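A look at the structure
Each chain, written out:
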Amino acid sequence: MRPAKKLRPDSLAVHAGRFDFAELGVHAPPIDLSSTYPLGDLGAAGEELEALAHGGKPTGNGVYARLHNPTVARFEEALADLEGASDAIAFSSGMAAVTATLLGVVGAGGHVVAIRPLYGGTDHLLASRMLGIETTFVDPAGVAAAIRPDTRLVLVETPANPTLQLVDLEQVVAAAGTVPVCVDSTFMTPVLQQPLRHGVRLVLHSATKALGGHGDVLAGVVATNDVGLAAAIRSVRVVTGAVLHPLAAFLLLRALPTLPLRVRAAQANAAILAPRLAEHPAVRRVFWPGMPGADVDALIGRQMAGPGSVLALELEGGQAAVETFVRSLELATHAVSLGATDTLVQQPASLTHRVVDPEARRATGISEGLVRISVGIEDAEDLWEDFSRALDRAMVAQEVAVGR
Ligand SMILES: *Cc1c(COP(=O)(O)O)cnc(C)c1O
């Protein structure tokens, strides 16, 4: 049973999706692996299938696992609670969530306004026109001018992957007018940002990142208070089949109670590391919302509860320095992805944003010298020792390259 009193976020992270446990007599989320369900009356089963195929919620047993799964529904309920949403729809990956949102809300022939930079995969999906959707890419100031009569969605990331650009969501919502705004809030998680409070209609996460948090699950999720949009997106999931596996949903449910602790611990580490990294002579600039001067619109406190734990460095020595830096790391892992308990480092231009048009990469500051760091929850001093040693070596590589 849900407590009568509204829970504070940290309590919600522990209990959301689990309010029926006492009634069920369990202490961990039950995993339902059924691919199909025994049906009762044929007429009722047929009606249930029809309702689910159109994005409705189950009244009976869900009929078939592509239409509904109770373990996945638990994760969706928890995530909706954390975002302050009525509905959440979970997917097999973040990109499956992006795709279903585009197909459900925009559809072939429609138009999207997208603020760059975006995650490389999202940029590529839109720029390729693979879904039959046309996209106008803009910077935050260009949204209003880019809206057309056939514009069905404005897509934005804040902080953006990988430059940590911050976007004022209330300004985007105002510029979008009646067009719904979808924000990819992966870098913040609901612990640090709840975009639906700012007039945004859809909030999306790659749950592969901090929501899963342990590098062992691939998942995506979209949350909204708009029942019509939720049904449209859910019906795309039923038809296209990009469902979340119940075992993955279990791992996500297992990770959510510690989400606030992990997010705050990693953020505290980032706060120790960012100013030290900025002082290192191999580093030209540090991009992190908590750096002095980074939060020009004073969004921290108003839109975000904190700067988060992803930062980016621009190395003086460009490609040669980056290659030496990533090779010299002994504690941090050279790998794509982010939001894990361990620290992950990668060069966006070669990896996560390789598929983005080179001209757009340059225009949005994704240079060869840019390194993205997802700070983990290790001891900050161990991380600093690892980074400072690797940066010292990168500087030697830079001097050798310049001397040549
Ligand atoms: C990783 C990521 C995605 C894609 O998610 P997958 O789970 O890898 O499909 C989308 N947006 C952002 C901001 C990401 O970091």
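Structure first, text after, so check above.
In short, a report on the structure. (Residues numbered from 1 in each chain as written. Predicted model: local features only at pLDDT ≥ 70, side-chain atom pairs only at ≥ 80, totals over all residues. Heavy atoms only, no water.)

Bringing the pattern of salt bridges into the picture now. Evaluated as defined, the whole model comprises 18 salt bridges. For Asp-226, the salt bridge goes to Arg-201, with nearest N and O atoms at 3.0 Å. In this pair, Asp-226 is assigned in the loop between strand 7 (220–224) and helix 10 (227–240) and Arg-201 in the loop between helix 9 (189–192) and strand 6 (202–206), connecting sequence segments 25 residues apart. One salt bridge connects Glu-330 with Arg-389, and the closest N-O pair in it is separated by 3.4 Å. Here Glu-330 is found in the loop between helix 13 (318–328) and strand 10 (333–334), whereas its partner Arg-389 is found in helix 15 (residues 380–403), with 59 residues between them in sequence. (Salt bridge = Lys/Arg side-chain N within 4 Å of Asp/Glu carboxyl O. Helix = DSSP H or I, 4+ residues; strand = E, 2+ residues; numbered from the N terminus.)

A few words now on the sheet that holds strand 1 (residues 87–91). Pairing is mixed in the open sheet, where seven strands are placed in the order 1-7-6-5-4-2-3. Every other strand in the sheet has two partners, leaving strand 1 and strand 3 (134–138) as the edge strands with one partner each. Sheet twist, expressed as the mean angle between neighbouring strand axes with direction ignored, is 20°. Note: strand 6 against strand 7, five bridges, orientation antiparallel. The partner of His-205 across the bridge, within strand 7, is Val-221. Contacting strand 1, strand 6 and strand 7, helix 4 (residues 70–83) runs over the sheet at an angle of about 130° to strand 1. Sheet contacts for helix 5 (residues 94–106): strand 1, strand 2 (111–115), strand 4 (151–157), strand 5 (181–184), strand 6 and strand 7; angle to strand 6, the most-contacted strand, approximately 155°. (Pairing = 2+ DSSP bridges. Axes fitted to C-alpha atoms, helices over the stretch in contact; angles between N-to-C directions. Contact = heavy atoms within 4.5 Å.)

Take the nonpolar core next. Core analysis: the biggest nonpolar cluster contains 51 residues, and Phe-75, Val-154, Val-181 and Leu-244 have the highest contact counts within it. Broken down by element, the residue count for this core peaks at six residues, all from helix 4. Filtering out sequence-adjacent residues up to four positions away, Phe-75 remains in contact with Ala-90, Ala-207, Val-221, Leu-244, Ala-249, Leu-252, Leu-253 and Leu-256. Core analysis: the second largest hydrophobic core is formed by 29 residues, Val-286, Phe-325, Val-375 and Trp-384 among them. (Core = buried A, V, L, I, M, F, W, Y, C linked by side-chain atoms within 4.5 Å. Buried < 20%, exposed > 50% of the residue type's maximum accessible area, 1.4 Å probe, protein only.)

This part covers the site of the ligand. Around the ligand, a shell composed of 13 residues is seen, among which Gly-94, Met-95, Asp-184, Thr-208 and Lys-209 lie nearest. Gly-94 is positioned such that a nitrogen or oxygen atom in its backbone is 2.8 Å from an oxygen atom of the ligand. Within the side chain of Lys-209, an N or O atom sits 2.7 Å from an oxygen atom of the ligand. Taking 380 Å² as the accessible area of the ligand by itself, protein coverage stands at 93%. Looking at the shell around the ligand, its residues break down into four nonpolar, six polar and three charged. (Near = heavy atom within 4 Å. Polar contact = N/O pair within 3.5 Å; in protein donor to acceptor, adjacent residues only side chain to side chain. Areas by Shrake-Rupley, 256 points an atom, 1.4 Å probe, with all protein chains shown as cover. Nonpolar A, V, L, I, M, F, W, Y, C, P; charged D, E, K, R; others polar.)

Looking now at the packing of aromatic side chains. For the structure on display, the rule yields one aromatic pair. Geometry around Phe-137 places Arg-116 over its ring, the cationic atom sitting 3.6 Å from the centre. Across the ring face of Tyr-119, the terminal group of Lys-209 is positioned such that the distance to the ring centre comes to 5.2 Å. (Phe/Tyr/Trp six-rings, centres within 6.5 Å; stacked < 30°, edge-to-face > 60°. Lys NZ or Arg CZ within 6 Å of the ring centre and 35° of its normal.)

So, about the packing of helix 5 against helix 6 (residues 120–127). It is the contact of helix 5 with helix 6, at a shortest axis distance of 10 Å, that shows an interaxial angle of 35°. When you trace helix 5 past helix 6, the crossing you get is right-handed. Contacts between helix 5 and helix 6 involve Met-95, Val-98, Thr-99 and Leu-102 from the first element and Gly-121, Thr-122, Leu-125 and Leu-126 from the second. Here the contact of helix 5 with helix 6 is composed, by residue class, of five nonpolar, three polar and no charged. (Left-handed = near helix turned anticlockwise from the far one by under 90°.)

With that settled, consider the pairing of strand 1. Summarising burial for strand 1: five of the five residues are buried, a large majority. Burial of strand 1 is two-sided: the residues Asp-87, Ile-89 and Phe-91 facing one way and the residues Ala-88 and Ala-90 facing the other way are all buried. Bridge count between strand 1 and strand 7: five bridges; the pairing is antiparallel. Bridge assignment links Asp-87 to a residue of strand 7, and that residue is Thr-224.

Turning to helix 10, a few remarks are in order. The periodicity of an α-helix, 3.6 residues per turn, causes residues three or four positions apart to be oriented the same way. Over its 14 residues, helix 10 extends 20 Å from the first C-alpha to the last, a length consistent with the 20 Å expected when each residue adds 1.5 Å. Looking only at helix 10, the buried set comprises Leu-229, Ala-230, Ile-233, Arg-234, Ser-235, Val-236, Arg-237 and Val-238. Between the side-chain oxygen at the start of helix 10 and the backbone nitrogen of Gly-228 there is a gap of 3.0 Å, and the oxygen is on Asp-226. Immediately downstream of helix 10, the backbone of Gly-241 shows phi near 85°, a positive value. (Expected span 1.5 Å × (residues − 1).)

What follows concerns the side chain of Asn-269. Within the fold, Asn-269 resides in helix 12 (residues 259–279). Every residue in contact with Asn-269, bar those within four places of it in the chain, is listed here: Val-375, Gly-376, Ile-377, Glu-378, Ala-380 and Leu-383.

Below, the discussion takes up the sheet that holds strand 12 (residues 370–374). Pairing is mixed across the open sheet formed by five strands, whose spatial order is 8-9-12-11-10. Among the strands making up the open sheet, the edge pair consists of strand 8 (283–287) and strand 10. In the sheet, strand 9 (residues 310–315) pairs with strand 12 via five bridges, with the strands oriented antiparallel. In the sheet register, Ala-312 faces strand 12, and the bridge partner there is Arg-372. Packed on one face of the sheet, helix 12 meets strand 8, strand 9 and strand 12 and runs near 150° to strand 8. Docked against the sheet, helix 13 engages strand 9, strand 10, strand 11 (344–346) and strand 12, running at close to 130° with respect to strand 9.

The next thing to look at is the packing of helix 5 against helix 10. Running from N to C, helix 5 and helix 10 point in directions that differ by 120°, and their axes come no closer than 8 Å. Considering the angle they form, helix 5 stands oblique to helix 10. Of the two elements, helix 5 crosses helix 10, and the hand of that crossing is right-handed. Within the contact between the two elements, helix 5 uses Ala-100, Thr-101, Leu-103, Gly-104 and Val-105 and helix 10 uses Leu-229, Ala-232, Ile-233 and Val-236. Among the residues forming the contact of helix 5 with helix 10, the class breakdown is seven nonpolar, two polar and no charged. (Parallel < 35°, antiparallel > 145°, perpendicular 65-115°, else oblique.)

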